[in-house]
Every structure is written in C-alpha cells, then in structure tokens.
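# Notes for the structure review
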Amino acid sequence: MYSNFGEEYFKGAKISSYKDYESTYPQLRVYFLMILDFLKKRRKLKQGRILDVGCAYGILLKFFDDIDWETYGVDISEYAISIAKKYTRARLYVHNIEEGLYMFQDKFFDIITMFDVIEHLRNPGHVLEELHRVLKTGGLLFIITPNANGMFRLIMGKKWPALKDKTHRIFFTPFTLKFTVERAGFKVLEVRTPQFYPFTNIFKKYVHSGLLRAIIRNTPLGSSIWLVAVKQELA
C-alpha cells in the first residue's frame, strides 16, 4: 500500500486526482480559515496541539506553525513527509494510521484534522476510535471527504473525479459519515457540504445556472462533506 503514495501520486498520476499537490495550497488555506472561524465562534483561539492525519506536504501544519501552535503530522507517504519537512517545523511521522497511533499518549491533542483521508481507509471506525483516544476531552475533530450524495457524482457518474483515485476504498454521504463518527464516541457539531478542490473548478466550468448553483450551495448536494465533532466527557 505504501508504494501507491510515491511522488507520482502527488504529481498527476493516473491513480489520483492531483495534477500537482502544491496547487492545493489555496484550498488548504481555506480549510485553515474555516477552522479558525469555527474556533472563534467557540471562543477557542488560544494556542494548542494539533495533529494532521494524512498531512501530505505539511501545508496545513505550516499555517498553524505561523500562529504558534504545537504541530504534528502523520502520513503514509515517505515522499510526502520528505517534502513536508521543507514546509513545516511539525514533528512528522511516516506511518499507516490503520496500525494505530501508539506513539501518542491518551488525551494528547486539542485538534485533529483528517482531510481527504477517511475515504482511503480499510477500517475507518477503528481509526476514528484511535483518534478519539488521543484527543483531549473537549477537543475537536475536523474531517473533509468527497460527498457520495453530491450533485457532481450524480451528474458525472463514472467520470466523477473521486473515482479516479484507485486508493479510495469507501465513500460517505453526510448521514453515513455522521453515523460513523458518532459510533466512535464523538458528538457531531456541524455537517456541511461545500464545494472544495477539485470540484470548485468543475463547478465554475459547468454550473452556469444561478438557480442550480443556489440549490447546490444550500442543500446537501455539495461536492465535499465538512464535519466537525467534539470529544465529550464520559457520562
């Protein structure tokens, strides 16, 4: 499995959706700002400890470096981690998260992010339970994954970009992702379906109707699922 995530995966190989992973920098900036906005609403803007699961080039971690968070990253790709070392000062690990996060103690992180990762997993429930273990009580989990109920999957069928990536094993709807996260012990705080890369470009190119754009933006038909969950105190 590790061999599937070499340089060719991040630079436009036929097995992935990336033409060049570095071109996702603006989208990762959007993710960062969305997290900050959520923290601001919950009055949790102090520095803390963050783990990015599937950190790739460490771009998201760099943004958190810049606001003085203590940063950690895990990725299955040795190649990606080698690039990440140029972007971020985070503590980085080449590791398959399906084998657990034994390098971290219980209740260690304030925030965990897992963007475009859960769809690659053989056993997402097991991984989520492990994330629950290493997250502090009151800590937040942020997930992004393709939306199997999205308008573009329904319109594009077999040409849906998420199907191009041969390392994808499972797809979620907003309902099934919420259900899976809750089964791992979390309380889900927010589920939305915004337009994210690579679907933003498709959205601009093919959706010209103002009414259709409004429908996609205001119903669960967006290209991606954005989910935020919290680890609660045990009853």
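Please refer to the structure higher up on the page.
The written sequence of each chain sets the order in which its residues are numbered from 1. At least 70 in pLDDT is required for a residue's local features to be given in this predicted model, at least 80 for side-chain atom pairs to be given and counted, and no such filter applies to totals for whole chains, interfaces and linings, which use all residues. Neither water nor hydrogens contribute to the side-chain values; these are computed over all heavy atoms in the structure.

### Notes on the packing of aromatic side chains
Heads up, the condition is: In this scheme Phe, Tyr and Trp rings, the latter by its six-membered ring, pair at centre separations within 6.5 Å, and the angle between planes marks the pair as stacked below 30 degrees, edge-to-face above 60, and tilted otherwise. Strands here mean DSSP runs of E at least two residues long; helices mean DSSP runs of H or I at least four residues long; both are numbered from the N terminus. Only protein chains enter the accessibility calculation, which uses a 1.4 Å probe. A residue is then buried if its area is under 20% of the maximum for its type, exposed if over 50%, and partly exposed in between. Lysine NZ or arginine CZ positioned within 6 Å of the ring centre and within 35 degrees of the ring normal marks a charge as sitting over the ring.
Enumeration over the complete set of coordinates arrives at 22 aromatic pairs. Taking the centre distance of 5.3 Å and the plane angle of 80° together, the rings of Tyr 93 and Phe 104 count as edge-to-face. Separated by eleven residues along the polypeptide, Tyr 93 in strand β3 (residues 91-94) and Phe 104 in the loop between β3 and β4 (109-115) bring together distant segments of the chain. Classification of Phe 104 as buried rests on a relative accessible area of 4%. Members of the aromatic cluster, joined through ring pairs, are Phe 5, Tyr 9, Phe 10, Tyr 57 and Tyr 79. The aromatic ring of Phe 63 is capped on one face by Arg 29, whose charged end is 5.1 Å from the ring centroid. Directly above the aromatic system of Phe 108 lies the positively charged group of Arg 49, at a separation of 4.0 Å from the ring centroid.

### Regarding the environment of Gly 222
Along the chain, Gly 222 falls in the loop between α9 (210-218) and β7 (224-231). Expressed as a C-alpha distance, the spacing of Gly 222 and Arg 192, which sit 30 residues apart in the sequence, is 8.2 Å.

### Describing unusual backbone geometry
The phi angle at Lys 107 is positive, at roughly 50°, despite the residue not being glycine. Counting through the fold element by element, Lys 107 comes out in the loop between β3 and β4. For Lys 107, a relative accessible area of 49% corresponds to the partly exposed category. Backbone geometry places Asp 116, a non-glycine residue, at a positive phi of 55°. Structurally, Asp 116 is set in the loop between β4 and α5 (124-134). Note on Asp 116: relative accessible area 23%, which makes it partly exposed.

Honestly, that's just the spatial picture; any functional story needs more than this.
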